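Coordinates in review
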Amino acid sequence: ASPALIATVFLTFASVFAWSSMPERGTLAVSRDSFALFPRSIGDWEQIRGHKRLSPEVELSLGADDYHAVHFQRPGDAASVEFFSAWYDDQSQNGVHSPEICLPGGGWEIAWLERSDLTETMAWDTPFHINRAIIQKGQTRMMVFYWFEQKGRKIAWDVSARYWLLRDAIRTGRTDGALVRLTTTILPNESDAAAEERLMGMLSAVVDPLPRFIPPE
């Protein structure tokens, strides 16, 4: 097992023990807009493919209370970017998964994965950490950005997300949170840098409307 998976298992057991030791507090309800109201246009980006429902089996495995899967594209871009987000009212039951678990599926394999600090690049006041990955199935390659939203924090490492989830549950009673993922196809004869530029463009655009659907406070 990888160190990340070992750490995740350890923290999961620690979280379960901590929660079982806490008095009943109940989940603090958070006011948010449903993803059904997510904008069809964000800056130069236009939605070109509407919300895609997941299969019942995948929905059950995901365990989200609300999710959204749509494709956006800018004029002149050769490929679109899929925006996917899953919202959880209570992450103590589900929600935070290791990258080694989240990305593979449907025959896809992780060809490359690293965690990146985009705080300076995004000119963010607080830490902005994401996972950057390339997944591959046969000759098809895709680049993926994704991160965990935990009460306004943008977290790449699932172990850190679990830590903040536990801390927020104890201090504020909030156990909500979300996963955000951006994906684009790396076209034949296209550089990885070109695909990454598309994702960075979408990332810069989408962080503005996100707080309506994933409340930081």
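Please refer to the structure higher up on the page.
Conventions used here
Residues numbered from 1 in each chain as written. Predicted model: local features only at pLDDT ≥ 70, side-chain atom pairs only at ≥ 80, totals over all residues. Heavy atoms only, no water. Salt bridge = Lys/Arg side-chain N within 4 Å of Asp/Glu carboxyl O. Helix = DSSP H or I, 4+ residues; strand = E, 2+ residues; numbered from the N terminus. Buried < 20%, exposed > 50% of the residue type's maximum accessible area, 1.4 Å probe, protein only. Expected span 1.5 Å × (residues − 1). Polar contact = N/O pair within 3.5 Å; in protein donor to acceptor, adjacent residues only side chain to side chain. Core = buried A, V, L, I, M, F, W, Y, C linked by side-chain atoms within 4.5 Å. Contact = heavy atoms within 4.5 Å. Phe/Tyr/Trp six-rings, centres within 6.5 Å; stacked < 30°, edge-to-face > 60°. Lys NZ or Arg CZ within 6 Å of the ring centre and 35° of its normal. Pairing = 2+ DSSP bridges.

Pairs may arise between side chains of opposite charge once their charged atoms sit close together. By the definition in use, this model includes 13 salt bridges. In this structure, Arg 132 and Glu 114 form a salt bridge, with 2.3 Å as the shortest nitrogen-oxygen distance. Here Glu 114 lies in strand β5 (residues 109-117) and Arg 132 lies in strand β6 (residues 129-137), a separation of 18 residues in the sequence. With its nearest N and O atoms 2.8 Å apart, the salt bridge here joins Arg 153 to Asp 168. Taken together, the positions of Arg 153 in strand β8 (residues 153-155) and Asp 168 in helix α4 (residues 158-171) put the pair 15 residues apart, joining distant regions of the chain. By relative accessible area, Asp 168 is classed as buried at 2%. If you follow the salt bridges from partner to partner, you end up with Arg 74, Asp 77 and Glu 197 in one network.

The subject of this paragraph is helix α5 (residues 192-206). Given a rise of 1.5 Å per residue, 15 residues ought to cover 21 Å, and the 21 Å separating the end C-alpha atoms of α5 matches this to within 8%. If you check which residues of α5 are buried, you get Ala 195, Arg 198, Leu 199, Met 200, Gly 201, Met 202, Leu 203, Ala 205 and Val 206.

Before going further, it helps to spend a moment on the side chain of Glu 149. Position of Glu 149 among the secondary structure elements: in strand β7 (residues 140-150). Note on Glu 149: relative accessible area 4%, which makes it buried. Polar contacts involving the side chain of Glu 149 include one to the side chain of Trp 147, which spans 2.9 Å.

In this section: the nonpolar core. If you look at the biggest cluster of nonpolar residues, it comprises 32 residues, and the most contacted ones within it are Phe 38, Phe 83, Met 202 and Leu 203. Those elements that provide at least two residues to this core are β3 (66-73), β4 (81-88), β6, β7, β9 (177-186), α5 and α6 (210-213). Excluding residues within four positions of it along the chain, Leu 203 makes contact with Leu 118, Met 122, Phe 128, Phe 145, Trp 147 and Leu 182. Within the second largest apolar cluster, 18 residues are counted, among which are Tyr 67, Ala 133, Phe 148 and Leu 179.

Here we take up the packing of aromatic side chains. When we look at a pair of aromatic rings, we describe it by the centre distance and by the angle of the planes. For the coordinates displayed, the defined rule picks out 9 aromatic pairs. Aromatic side chains Tyr 146 and Phe 148 sit 6.0 Å apart centroid to centroid with 80° between the ring planes, which places their arrangement in the edge-to-face category. Phe 148 carries the same exposure label as Tyr 146, and that label is buried. Within the aromatic cluster, the residues linked to one another by ring pairs are Phe 35, Phe 38, Phe 72, Phe 83 and Phe 213. Just above the ring of Phe 35 sits the side chain of Arg 32; from NZ or CZ to the centre is 5.1 Å. Here Lys 154 stacks its cationic end above the ring of Phe 128, 5.5 Å away from the centre of that ring.

Let us now look at the environment of Gln 91. The residue Gln 91 is located in the loop between β4 and α3 (99-102) in this model. Separated by 28 residues in sequence, Gln 91 and Gly 63 have C-alpha atoms that sit 9.6 Å apart. Apart from the residues lying within four places of it in its own chain, the contact partners of Gln 91 are Val 96, Gln 150, Leu 165, Thr 175, Asp 176, Gly 177 and Ala 178. Within polar-contact distance, the side chain of Gln 91 engages the side chain of Gln 150 at 2.8 Å. A polar contact of 3.0 Å, which involves the side chain of Gln 91, links it to the backbone oxygen of Asp 176.

Turning our attention to the pairing of β9. A large share of β9 lies buried, amounting to 8 of its 10 residues. As defined by bridge partners, β4 adjoins β9 across 8 bridges and the pair is classed as antiparallel. For Glu 82, the partnering residue across the bridge sits in β9 and is Thr 183. Pairing geometry for β7 and β9, over 9 bridges, is antiparallel. By the bridge assignment, Glu 149 is partnered in β9 with Ala 178.

Compared with an ideal rise of 1.5 Å per residue, which puts 14 residues at 20 Å, α4 spans 20 Å between its outermost C-alpha atoms and is within 8% of the ideal. For α4, the set of buried residues is Asp 158, Val 159, Ala 161, Arg 162, Leu 165, Leu 166, Asp 168 and Ala 169. Among the residues trailing α4, Gly 173 stands out with phi positive, at a value near 85°.

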